[in-house]
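Summary of the model geometry
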Amino acid sequence: MWRFLLFVFLCASKCSSKITYRKITPISYTIAGVFEPGAITQRLAFNESMHHAQKSVEIGEEGDQSLVNNLLLDPKILNPIRSDSYSMWREVCSNDEIKPIAFVGPQNPISDNAVRDQCARANIPHIQATWQPLDPDYVTEPDDVSDPAEDENEDEEETEEKVPFKKISINFYPAAEEISHAYAMLLKYYKWENFAVLYEDDFGLMRVQKILAEHSEQHEITVRRLNPEGDNNKIFKELSVLQGSRVLLDCHVENILKYLDEAKTLNMVNYYQHYILMNMDASILASKLSVLQSNVTWLSITEFDQLQDPQHFLAPRVGKWTSLKNPDISPPVTDMKVEALLMNDIAKHVLKALEIVEDIQMPDRSLCETDADPWSYGALLQNAILQTTSSGVTGHIEFDDRGRRVNYTLYANEIYLKKRHTVGTWFSANNSEIIENRPAIESHDIQQNSKHFIVISGKAEPYFYDKVKCPEDDKDCVEEDADENYEGFAVDLIYKIFELLRKENYNYTYEFSKDVTKHYGKYDPDKKKWDGLIGEILDKRADLAVSDLTITKERKNVVDFSVPFMNLGISILYAKERKVSPGYFSFLYPYTVDVWMYTATAYCVVSIILYICSRVSPADWENPQPCDKDPEELENIWNFKNCAWMTMGSIMTQGCDILPKAIGTRWVCGMWWFFAVIVCQTYIAQLSASMTSALENEPINSVEDLAKQNKIMYGAVEGGSTFKFFEKSKDKTFRRIYEYMVANPAVLVKSNEEGVKRVLNGKNKYAFFMESCTIEYKIMRECDLKKVGEELDSKDYGIAMPANSPFRTHINRAILRLKESNELEKTVNKWWEEKNVKHQCVETKDENDVQGDLEMENLIGAFVVLIVGLVFCLIITAAEFMNEVRNIVVRENVTHKEVFVKELKASLNFFQLQKPVLRNPNRTSSVDSNSSQKRENMALSMENFMDLEKQMQ
């Protein structure tokens, strides 16, 4: 024991030289606070925080003593009976003993005017810790604010001039317009465009007006006022009818659960509803809001995770902030309102400002004393509070020259899947957007949830249709087992998605709704709601919509979509061109019937004119006996038969063995030949085109070809994404197509199936705009269809689900895994190329076909004309033969049979070039005597001719 005492003595002797003494002088400053009757927590927090706050300031040394001032705050609380301005003023001015260095409160934005005015007259800094609307009467005038550039050029004497007192309130609560801007950024972060706004008082309306002004003016937003004392079921029922799932709620924190309970009765509190609470105190309800299924978000100036810490410095103190009889039973710090937490920051910040102001003296006048001069240190203290920066429960504390808080941070709190997380931050320094710092959600927390999904779709092959049972005698048929009632690509996709999720231990089940919707959905501006698949999702009658549903901006504004499971674009569905077999008389097509008639008429007229001119013209009359120099008669070979033959040979480009000699007749022939050249050449040119294989219509190869013509009609699904694409497009061609469809509503159809049938039955008179993947499916099964042109745009199919769906992440992950494993591609190939393909569309092609050559069908008409002409020739020849038989019968007085048989045998004897003249045997002698007489006469004539020749010699 003596050794221990010796050790203690030695230690004390060695340390005695380092012992210093401090002389602590307590200095107490009165700070007053006025609180409404209902602000109990704020009043208690003010009282406790001011008593708890103290700061030691070393001011020098006196001998071996260190002089220290211990700055303390002495709170004085005023409790007016009512919250009106008069009651506040009366309560403040009736306490002459209170001479504060600063005044805090009241919390009411209306009734604080009286207190603020009195503080301004007495040069007492006025401090506020609540939301305040912008009051232009108390904005610092330009003359009251010093210019930093001028301060740099001032002399030291000028800088030491008296600081002016500013008629402002120093508000530790963020500025109203900045809070509204932060909430506008929150709406932008969540991509809210169409939503409902609910508020309960005039201040709430002021807050949401700023948000709506900053957010958007292009979208329809429903604004309704709630009654905190009455029933609001009518309002929530209206929102339910309008299919609203996004609500911006501005109300007092005490009424939040009341309004959500009213919404819950109308099924507006579920996994797919999202509420943004415009109340910085919503954190105190975090535990109760987590019980609800809805997604809830709010902004706070405090970090919730820090306030939850059991070792937080306020944890042992907040028990005194309540009206509980036992202050040792301390509630969590998160249960305290921001206005109460700010009381601790006010006390800390004011003490730090007092440290800056040296030798400050307490006011010697009350707040409302009219005869006394203003407090001389009020401007210095006010300026010190403005220039001082500190850190408190609500983060960084700093003010501008107008007393508004700057450079603070707001935290975005979100309750998602019954878990609260801080998902982002907003910085007032640069009015930034919400900066996301969303934590990764642990899978074991989510796996505890179970859900039965209702899936809807529209009947359309190959996506979703009634299940086809396999015939008993068809052993090759494989029946689908993904669902009992339906089959298709959508059925298989949902089956594989939930199969993957079940492997990840998610207790998710599903069923397809038997109330099948046939169309995708469009917005009705009169009813202000969506119908179809989108309407079912918005009405919360289904959890997923799986079909050939295109992801569009309008749909994404009201519902959420999964990642795309199929990429596509708009293209044109059209029927294959039908080849038209040329007619038998297609060689007549180059000219119309009128031209042919006029040409034949010209031929007849020219033949007649040539005949007349040749008869009149002397040059065409010839001597029949060239040896007779002075003939008695002239001969004209141009009878009508020869004239017609000559004109026929000319127009047929064959010429003639006889030609006219007179100038007039030659001129007629020249004009006719000129006409014949024109007619023949144009005929040949037209014939070269018309004799080849022709199509029934002009081919359509692109959307430009379709837009330029007016013979082929074209349309799309009415109100569908394809129709909306043309409606929103600024391209001239697409705008022309949209205007045509609007001007002709008959070209629009209700579904893709109707459009396909119309193309097939349209006989190349109707084209249909449709998604390329559906077109590929149709042309694999309908050989008369084809895809025309390139894709006009790029879009995607996705699974639609209610907005704010907490299951979207799981669905997306499953789809991505199906893509990575090629299961999605196999499913597409199954339903597009393998399933229900009855026959392959093989286009037959003639291997010997050469482009531009003529087939037999092109010339069959010419062969018909030749055959008919030959038959006609045989008939004419037979007629001539029978006429000759008749002449012989008459001349020779024999029977028809005898003449016909002998003449026919002689004519058909192809080996003889001479044919005997048929004579009647009874007339042979007379014929011989006549013949001998003729020979004698000819001999006599010859002798006379020879004698004449001799005499001339």
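For the structure, check the block above.
Okay, so let's go over this structure. Bear in mind the structure is a predicted one, so any value in this text is a computation, not a measurement. (Residues numbered from 1 in each chain as written. Predicted model: local features only at pLDDT ≥ 70, side-chain atom pairs only at ≥ 80, totals over all residues. Heavy atoms only, no water.)

Focus: the overall build of the protein chain
Short version of the rule: What counts as a helix is a DSSP run of H or I of at least four residues, what counts as a strand is a run of E of at least two, and both are numbered from the N terminus. Any residue under 20% of the maximum accessible area for its type is buried, any over 50% is exposed, and the rest in between are partly exposed; the area is computed with a 1.4 Å probe on protein chains only.
Scanning the protein chain from terminus to terminus reveals 31 helices and 33 strands. Within the span of the protein chain, comprising 953 residues, buried residues form 44% of the whole.

Comments concerning the pattern of salt bridges
Rules: Any Lys or Arg side-chain nitrogen found within 4 Å of a carboxyl oxygen on Asp or Glu counts as a salt bridge.
Overall, the coordinates contain 28 salt bridges when judged by the stated rule. A salt bridge links aspartate 543 to lysine 451; its shortest N-O distance comes to 3.3 Å. Residue aspartate 543 is located in the loop between helix 17 (532–538) and strand 23 (544–545), and its partner lysine 451 is located in strand 17 (residues 450–456); the two are separated by 92 residues in the primary sequence. Its relative accessible area of 7% is what places aspartate 543 among the buried residues. Glutamate 791 is the salt-bridge partner of lysine 787, the closest N and O atoms lying 3.7 Å from each other. For lysine 787, a relative accessible area of 30% puts it in the partly exposed group. A residue is classified by how much of its surface remains accessible, and glutamate 791, at 39% relative accessible area, is partly exposed. Within this structure, Glu177, Asp400 and Arg404 form a network of salt bridges that share partners.

A closer look at a negative patch on the surface
Short version of the rule: Exposure above 30% relative accessible area and the absence of a salt bridge qualify a residue for a patch, where like charges join within 9 Å and nonpolar side chains (Val, Leu, Ile, Met, Phe, Trp, Tyr) within 5 Å. In these tables, accessible area is a Shrake-Rupley quantity obtained with a 1.4 Å probe, and a residue counts as shielded only by the protein chains included in the view. Charged residues are defined here as Lys and Arg on the positive side and Asp and Glu on the negative side; His and the ends of the chain fall outside this count. Where a charge lies is defined by one atom per residue type: Lys uses NZ, Arg uses CZ, Asp uses CG and Glu uses CD.
A surface patch of like charges, here negative, comprises Asp96, Glu97, Asp364, Glu369, Asp371 and Asp373. Note on placement: aspartate 373 falls in the loop between helix 13 (338–356) and helix 14 (378–387). For aspartate 373, a relative accessible area of 63% gives the class exposed.

Quick look at the sheet that holds strand 26 (residues 570–575)
What counts here: A pair of strands is considered paired only if DSSP assigns at least 2 bridges between the two. Note on definitions: angles span 0 to 180 degrees between N-to-C directions of axes, and those axes are lines fitted to C-alpha atoms, for helices only across the stretch in contact. Here, two residues are considered to be in contact whenever any of their heavy atoms come within 4.5 Å of each other.
Overall, mixed pairing links the four strands, which are arranged 29-30-26-31 in an open sheet. A strand with exactly one partner marks an edge of an open sheet, and here the two such strands are strand 29 (713–715) and strand 31 (785–788). Shown here is a sheet whose adjacent strand axes are inclined to one another by a mean of 30 degrees, direction ignored. Of the strand pairs in this sheet, strand 29 and strand 30 (residues 766–771) are connected by three bridges, and their pairing is parallel. Residue pairing in the sheet places glycine 715 in a bridge with phenylalanine 768 of strand 30. Here helix 24 (residues 732–743) sits on the sheet in contact with strand 29 and strand 30, set at roughly 95 degrees to strand 29.

Things to note about empty space enclosed by the protein
Where empty space is left in the structure can be found by rolling a water-sized probe over the atoms. Convention followed: Only protein atoms enter the 1 Å grid used here, on which a cavity is any set of points holding a 1.4 Å probe that cannot leave and a pocket is any open set flanked by protein within 12 Å on both sides along at least five of seven lines; residues with an atom within 4 Å of a point are listed as lining. Grid points are joined across faces, edges and corners, and a volume is the space filled by probe spheres set on the points. Note that Gly is not counted as nonpolar here; it falls among the polar residues with everything else outside the nonpolar set of Ala, Val, Leu, Ile, Met, Phe, Trp, Tyr, Cys and Pro and the charged set of Asp, Glu, Lys and Arg.
Going through the model one piece at a time under the given rule, you end up with five cavities of 30 Å³ or more. By volume, the second largest cavity is sized at about 70 Å³. In terms of lining, the second largest cavity is formed by Tyr520, Asp548, Thr550, Arg555, Val717, Gly720, Ser721, Thr722, Asn752 and Glu771. Along the lines of polarity and charge, the residues of the lining of the second largest cavity split into two nonpolar, five polar and three charged.

Things to note about the packing of aromatic side chains
Each aromatic ring pair is specified by the distance between its two centres and by the angle formed by the two planes. As a reminder of what qualifies: Pairing of aromatic rings covers Phe, Tyr and the six-membered ring of Trp, with a centre-to-centre limit of 6.5 Å; geometry is then stacked below 30 degrees between planes, edge-to-face above 60, and tilted otherwise.
For the coordinates displayed, the defined rule picks out 38 aromatic pairs. On the numbers, 6.4 Å between centres and 65 degrees between planes, the contact of tyrosine 486 with phenylalanine 512 is edge-to-face. Placement of tyrosine 486 in strand 19 (residues 486–487) and of phenylalanine 512 in strand 20 (residues 507–512) is noted, with a sequence separation of 26 residues between them. Phenylalanine 512 carries the same exposure label as tyrosine 486, and that label is buried. Ring centres of tyrosine 714 and phenylalanine 769 lie 6.1 Å apart, and the angle between their planes is 85 degrees; on these two criteria the pair is classed as edge-to-face. Of this pair, tyrosine 714 sits in strand 29 while phenylalanine 769 sits in strand 30, and the two are 55 residues apart along the sequence.

Focus on the sheet that holds strand 14 (residues 409–416)
Taken in spatial order, the eight strands line up as 8-7-9-10-11-14-15-16 in an open sheet, and their pairing is mixed. Looking at strand neighbours, the two that pair on one side only are strand 8 (222–225) and strand 16 (435–436), the edges of this open sheet. Of the strand pairs in this sheet, strand 11 (residues 295–300) and strand 14 are connected by five bridges, and their pairing is antiparallel. Bridge pairing in strand 14 links tryptophan 298 to asparagine 413.

Details of the nonpolar core
To be explicit about the condition: In plain words, nonpolar cores are sets of buried Ala, Val, Leu, Ile, Met, Phe, Trp, Tyr and Cys residues tied together by side-chain atoms within 4.5 Å.
If you look at the biggest cluster of nonpolar residues, it comprises 119 residues, and the most contacted ones within it are Leu73, Leu289 and Leu354. At eleven residues, the largest contribution of residues to this core is made by helix 13. Beyond its immediate sequence surroundings of up to four residues, leucine 73 is in contact with Ser28, Tyr29, Ile31, Met50, His51, Ala53, Ala347, Val350, Leu351 and Leu354.

Overview of helix 2 (residues 40–52)
We count it as follows: Multiplying 1.5 Å by the residue count of a helix minus one yields the expected span of that helix.
With 13 residues, helix 2 ought to run about 18 Å at 1.5 Å a step, and its terminal C-alpha atoms sit 18 Å apart, in line with that. All of the buried residues in helix 2 are Gln42, Leu44, Ala45, Phe46, Glu48, Ser49 and Met50.

As for unusual backbone geometry
A cis amide bond links glycine 105 with the next residue in sequence, proline 106, at an omega value of -5 degrees. Its place among the elements puts proline 106 in the loop between strand 4 (102–104) and helix 4 (112–122). A cis amide bond links glutamate 461 with the next residue in sequence, proline 462, at an omega value of 0 degrees. Phi is positive for lysine 191, close to 60 degrees, though the residue is something other than glycine. Here lysine 191 lies in the loop between helix 7 (176–189) and strand 7 (196–199). Backbone geometry places asparagine 267, a non-glycine residue, at a positive phi of 60 degrees. With respect to the helices, strands and loops of the structure, asparagine 267 is situated in the loop between helix 10 (256–264) and strand 10 (274–277).

Topic: the packing of helix 13 against helix 14
Applied cut-off: Roughly parallel refers to an angle under 35 degrees, roughly antiparallel to one over 145, roughly perpendicular to one between 65 and 115, and oblique to any angle outside these ranges. Throughout, a crossing is termed right-handed when the near helix is turned clockwise from the far one, and left-handed when it is turned anticlockwise from it by less than a right angle.
Interaxial distance between helix 13 and helix 14 falls to 8 Å at its minimum, and their mutual angle equals 120 degrees. Between helix 13 and helix 14, the angle is such that the two are oblique. In terms of crossing hand, the pair formed by helix 13 and helix 14 is right-handed. Residues His349, Val350, Ala353, Leu354 and Ile356 of helix 13 touch helix 14, and the partners they reach there are Leu381, Ala384 and Ile385. Looking at the contact of helix 13 with helix 14 residue by residue, the classes come out as seven nonpolar, one polar and no charged.

Some words on the environment of threonine 30
Following the sequence through the fold, threonine 30 ends up in strand 1 (residues 21–34). The class for threonine 30 is buried, based on a relative accessible area of 13%. Apart from residues no more than four positions distant in its own chain, threonine 30 is found in contact with Asp74, Lys76, Lys99, Pro100, Ile101, Ala102 and Met362.

A few points about the packing of helix 23 (residues 721–728) against helix 24
At a minimum axis distance of 7 Å, the contact between helix 23 and helix 24 shows a crossing angle of 120 degrees. With respect to helix 24, the element helix 23 is oriented oblique. The element helix 23 and its partner helix 24 pack so that their crossing is left-handed. Side by side, helix 23 and helix 24 meet where Phe723, Phe725, Phe726 and Glu727 of the first sit next to Phe734, Arg735, Ile737, Tyr738, Met741 and Val742 of the second. The class makeup of the residues in the contact of helix 23 with helix 24 is eight nonpolar, no polar and two charged.

Re the environment of valine 357
Among the secondary structure elements, valine 357 is positioned in the loop between helix 13 and helix 14. For the pair valine 357 and glutamine 382, spaced 25 residues apart in the sequence, the C-alpha separation amounts to 9.9 Å. Those residues in contact with valine 357, other than ones at most four positions away along the chain, are Leu380, Leu381 and Ala384.

Quick notes on the side chain of threonine 222
Topologically, threonine 222 is positioned in strand 8. In contact with threonine 222, other than residues within four places in its own chain, are Phe195, Ala196, Val197, Leu239 and Leu242.

Here's the deal with the side chain of threonine 722
The criterion, for reference: Identification of polar contacts relies on pairs of N or O atoms within 3.5 Å, with a donor-acceptor requirement for protein atoms, meaning one able to donate a hydrogen and the other able to accept it, and with residues adjacent in sequence counted only if both atoms are side-chain atoms.
By the element assignment, threonine 722 lies in helix 23. Note on threonine 722: relative accessible area 5%, which makes it buried. Among the polar contacts made by the side chain of threonine 722, one reaches the side chain of glutamate 771 at a distance of 3.4 Å. Excluding its chain neighbours within four sequence positions, the residues that come into contact with threonine 722 are Ile570, Ala716, Phe769, Glu771 and Lys795.

What about the pairing of strand 15 (residues 419–427)?
Judged from the eight bridges that link them, strand 14 and strand 15 form a sheet pairing that is antiparallel. By the bridge assignment, isoleucine 415 is partnered in strand 15 with arginine 420. Joining the antiparallel neighbours strand 14 and strand 15 is a turn of two residues, in which leucine 417 adopts a positive phi near 55 degrees. Taken together, the two bridges between strand 15 and strand 16 define a ladder with antiparallel strand orientation. What sits directly across from threonine 425, in strand 16, is isoleucine 435.

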